[in-house]
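Here's the letter readout for the chains.
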Amino acid sequence: SDKAGHIPVYESLVLRAREAGLAGATVTRGVMGFGKRSVVHTSKILRLSEDLPMIVEIVDTIEKIEAFLANLDTFPKGLATIEEIRVVHYGTDGPRL
């Protein structure tokens, strides 16, 4: 439910990543989670939460990700993790690393 101006933070992050020319971004809504205050948020029908956890995954080189993160000072506080991944392209030509 956090906002950056008038739009949700996750939407603003994705739009900014696109403007920055990053390779890709995906938003996933969690079905259950808790944060710093240990309040559990869930999508169960009897406890429907409008404040479900959101994950924004942004893919690019480490240099571009770090430069992007350095320019998020206008956003509310958040948490970012940086993971090294192995990318495998697949299709009719067979796998390519």
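To be clear, the structure that these remarks concern was listed above.
Residues numbered from 1 in each chain as written. Predicted model: local features only at pLDDT ≥ 70, side-chain atom pairs only at ≥ 80, totals over all residues. Heavy atoms only, no water.

**Q** Explain a nonpolar patch on the surface residue by residue, including any values.
**A** Taken together, the side chains of V31, M32, F34 and V40 define a hydrophobic patch exposed on the protein surface, amounting to about 420 Å² of accessible area. Within the secondary structure, M32 is located in strand β4 (residues 32-34). (Patch = residues over 30% accessible without salt bridge, like charges linked within 9 Å, V, L, I, M, F, W, Y side chains within 5 Å. Areas by Shrake-Rupley, 256 points an atom, 1.4 Å probe, with all protein chains shown as cover. Salt bridge = Lys/Arg side-chain N within 4 Å of Asp/Glu carboxyl O. Helix = DSSP H or I, 4+ residues; strand = E, 2+ residues; numbered from the N terminus.)

**Q** I'd like a rundown of the environment of I82, residues and numbers included.
**A** With respect to the secondary-structure elements, I82 resides in the segment after α2 (62-70). Exposure remark for I82: the relative accessible area of 42% places this residue in the partly exposed category. With 24 residues separating them along the chain, I82 and I58 place their C-alpha atoms 9.6 Å apart. Those residues in contact with I82 that sit more than four places away from it in its chain are I62, I65, E66 and L69. (Buried < 20%, exposed > 50% of the residue type's maximum accessible area, 1.4 Å probe, protein only. Contact = heavy atoms within 4.5 Å.)

**Q** Kindly report on helix α1 (residues 9-19), identifying the contributing residues and their values.
**A** Residues V9, S12, L13 and A17 constitute the buried set of α1. One side of α1 holds all its buried residues, which, seen down the axis, span an arc of 135°. In this structure, α1 carries R18 and E19 as exposed residues pointing more than 90 degrees from its buried face. Along its buried surface, α1 packs onto β1 (3-4), β2 (7-8), β6 (54-59) and α2. Where α1 ends, the next residue or the one after it, G21, has phi of about 80°, a positive value. (Arc of directions from axis to C-beta.)

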